[in-house]
Amino acid sequence: QRFEKHYFNWIDNLRDWCISRQIWYGHQIPVWYRGDERYIGVEEPQEEGWEQDKDTLDTWFSSGLWTFSTLASDPNQIIQEGNNIIIDNKDFNNFHPTNVLETGYDILFFWVARMIIMTTYAVGDIPFYDVYLHGLILDGQGKKMSKSKGNVINPLNMIDKHGTDAVRFSLMIGSTPGHDSCLSDEKIAGFSKFVNKLWNISRFILNKIDQNTSGSLEGYSSEDFTLADKWILKKFNELFKEVTKDLEKYKFSQAGEKLKRYTWEELADWYLEITKFEDKGPKNDILLYILNNLLKMWHPFIPFVTEAIWQKYNESLLISEKWVKNVTILSNDDLEKADDFEIVQDVISAIRNARAENNVDPGRRLEMIIGADKYMDIIKDNQILVQNMRTGINNLIIREKVEKQAQAIYTVTGKIEIYLLGAIDKDKEKERISKEISNLEKQKKNTQQKLDSKEFINKAPEQVVNKEKQKLENVKTELENLAGQLRQFG
């Protein structure tokens, strides 16, 4: 919207435009001279002695005709009807006006406005429906690139160094309409690592599946899926809806960020690791189903690598595939239960953090007791994951309630209490618990302030408010448990 004022300032104050230029390439001005005589026309006059003007039309003049002139493949297709021209072919009928024009905001008047003026005048129709204005590319410190400053990033050099997809992706992420964005070697290198990650994820899945893997989830029932299966499929369904919506609204950076987060965190860091330990459910079909559709969503951002991956197991071209189908595989009940897997994730993360904060050797296997409260069934059903997902648990005891364990590493998540036996350092444990209490006190204060805000209570959806209330209760419970544990150390 901030460019509307800029646009209309030009349009409302139009002045005469000197359209002649002294350049080598362009449309030569269709004006002919013979003495004091002048002739205007595309064809050269038949009489002798006429000489055409040597100047060319301004580049923006010919560019202003772009939206419709390029759709004519033969001059005979251009027909004048009344005060307007039409182009009599399928391309013009199918593609004019076009859906969206994408260009930099710095040529809003020079190109965009002139296309609108020329097209509405010549054709009697708009040239396009939407205009997407990108910003300028700055260096890593936010300065304009300049040869004299020596801060110009040559994309061809970056392509040789990091790959075409990494350069393309780095230009899209962090770029919002009308705002400049920074580019550096380090940023491109970071996205190159992600492209490699996507390649390795795909290789892992393709090495895991066999000839019986269809990639179709039709025919499976709710009982066939584990809690982890339902969780990853729910997350994928949410991803599909959000990415599709973002692309339709030209929110390319947001769509790319969501794809990156799902691919790296939820799929690679969690679900692929789960498949190494949990052999229940149709894991191979789920993996291939996700890979098939994830490559389609990644293709606009990372076209070359995704095409190469796709052709490793398909005869068709990925670029010719249709967009992902919105197939709702899970029932509403399954979608609600899928969130329970986050409880398992919280437990696993709590164990990892406790081990790291206490400098427990990664190879050391520990005993563990869990007070699972009302989540006992969920923890039991996912016991193999709790013990093996980089937690290093040798023996696991699961109870609804447990007594406080002396000389144990203690941590808590929500109402679930966790005791790690055999690796305690009293001083370090006191320091860790005190630090965790301090962090939770800050969370408690921030959440309470939010709930005390009348604006938040009145404007936020009820489910969001209830979630914050539950969050506050969980924090209070964790604080009570941690305070009790700290007292044991004196």
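Look up: the structure comes first, before these words.
Definitions and cut-offs
Residues numbered from 1 in each chain as written. Predicted model: local features only at pLDDT ≥ 70, side-chain atom pairs only at ≥ 80, totals over all residues. Heavy atoms only, no water. Salt bridge = Lys/Arg side-chain N within 4 Å of Asp/Glu carboxyl O. Buried < 20%, exposed > 50% of the residue type's maximum accessible area, 1.4 Å probe, protein only. Helix = DSSP H or I, 4+ residues; strand = E, 2+ residues; numbered from the N terminus. Pairing = 2+ DSSP bridges. Right-handed = clockwise from strand over helix to strand, strands pointing away. Axes fitted to C-alpha atoms, helices over the stretch in contact; angles between N-to-C directions. Polar contact = N/O pair within 3.5 Å; in protein donor to acceptor, adjacent residues only side chain to side chain. Contact = heavy atoms within 4.5 Å.

Draft legend 1. Representation of the pattern of salt bridges in the model. Summed over all chains, the structure comprises 19 salt bridges. A salt bridge links E51 to K54, with the shortest nitrogen-to-oxygen separation between them at 2.5 Å. Exposure remark for K54: the relative accessible area of 62% places this residue in the exposed category. D333 serves as the salt-bridge partner of K337, at 3.3 Å between the closest nitrogen and oxygen. Here K337 and its partner D333 are both found in helix α13 (residues 332–338), 4 residues apart, which amounts to about one turn of the helix. Overall, the relative accessible area of 40% leaves K337 in the partly exposed class. Owing to a relative accessible area of 40%, D333 belongs among the partly exposed residues under this scheme. Salt bridges here are not isolated pairs; linked through shared partners, they connect D229, E278 and K283.

Draft legend 2. The arrangement of the pairing of strand β9 (residues 128–134) in detail. The pairing of strand β8 (residues 98–104) with β9 spans 6 bridges and is classified as parallel. Residue pairing for β9: T103 is matched across the bridge by L133. In this fold, the crossover linking β8 to β9 by way of helix α5 (residues 108–122) has right-handed handedness.

Draft legend 3. Here's a closer look at the sheet that holds strand β13 (residues 393–399). Pairing is mixed in the open sheet, where 4 strands are placed in the order β13-β12-β15-β14. Of all strands in the sheet, those bounded by a partner on one side alone are β13 and β14 (408–413). Across the sheet, the mean angle from the axis of one strand to that of its neighbour is 20 degrees, orientation sign disregarded. As judged from the 6 bridges shared by β14 and strand β15 (residues 416–421), these two strands associate in the antiparallel manner.

Draft legend 4. Expanded view of the sheet that holds strand β2 (residues 31–34). Read across the open sheet, the 3 strands follow the order β3-β2-β4; overall the sheet is antiparallel. Two strands lie at the open edges of the sheet, namely β3 (37–40) and β4 (51–52), each paired on one side alone. Direction of pairing for β2 relative to β4: antiparallel, over a ladder of 2 bridges. Paired with Y33 across the two strands is E51, which belongs to β4.

Draft legend 5. Highlighting the pairing of β14. Among the 6 residues of β14, 6 are classified as buried, and the element is accordingly described as predominantly covered. Side chains of β14 alternate between two faces, with A408, Y410 and V412 and I409, T411 and T413 buried alike. Counting the residues in the hairpin turn of β14 and β15 gives 2 residues, including G414, whose phi is positive at 65 degrees.

Draft legend 6. Local environment of the side chain of E278. Residue placement: E278 occurs in the loop between α10 (252–274) and α11 (283–298). One polar contact links E278 to T226, side chain to side chain, over a distance of 2.9 Å. Each residue touching E278, except ones within four places of it in the same chain, is listed here: T226, A228, D229, K283, N382 and L385.

Draft legend 7. Local environment of unusual backbone geometry. The residue after H96, namely P97, is reached through a cis peptide bond having omega -5 degrees. Here P97 shows up in the loop between α4 (90–95) and β8. You will see that Y250, though not glycine, has its phi angle at about 65 degrees, which is positive. Tracing the chain through its elements places Y250 in the loop between α9 (227–248) and α10. Phi is positive for R390, which is not a glycine, with a value near 55 degrees. With respect to the helices and strands, the residue R390 is situated in the loop between α16 (383–388) and β13. Accessibility expressed as a relative area gives 55% for R390, which makes it exposed.

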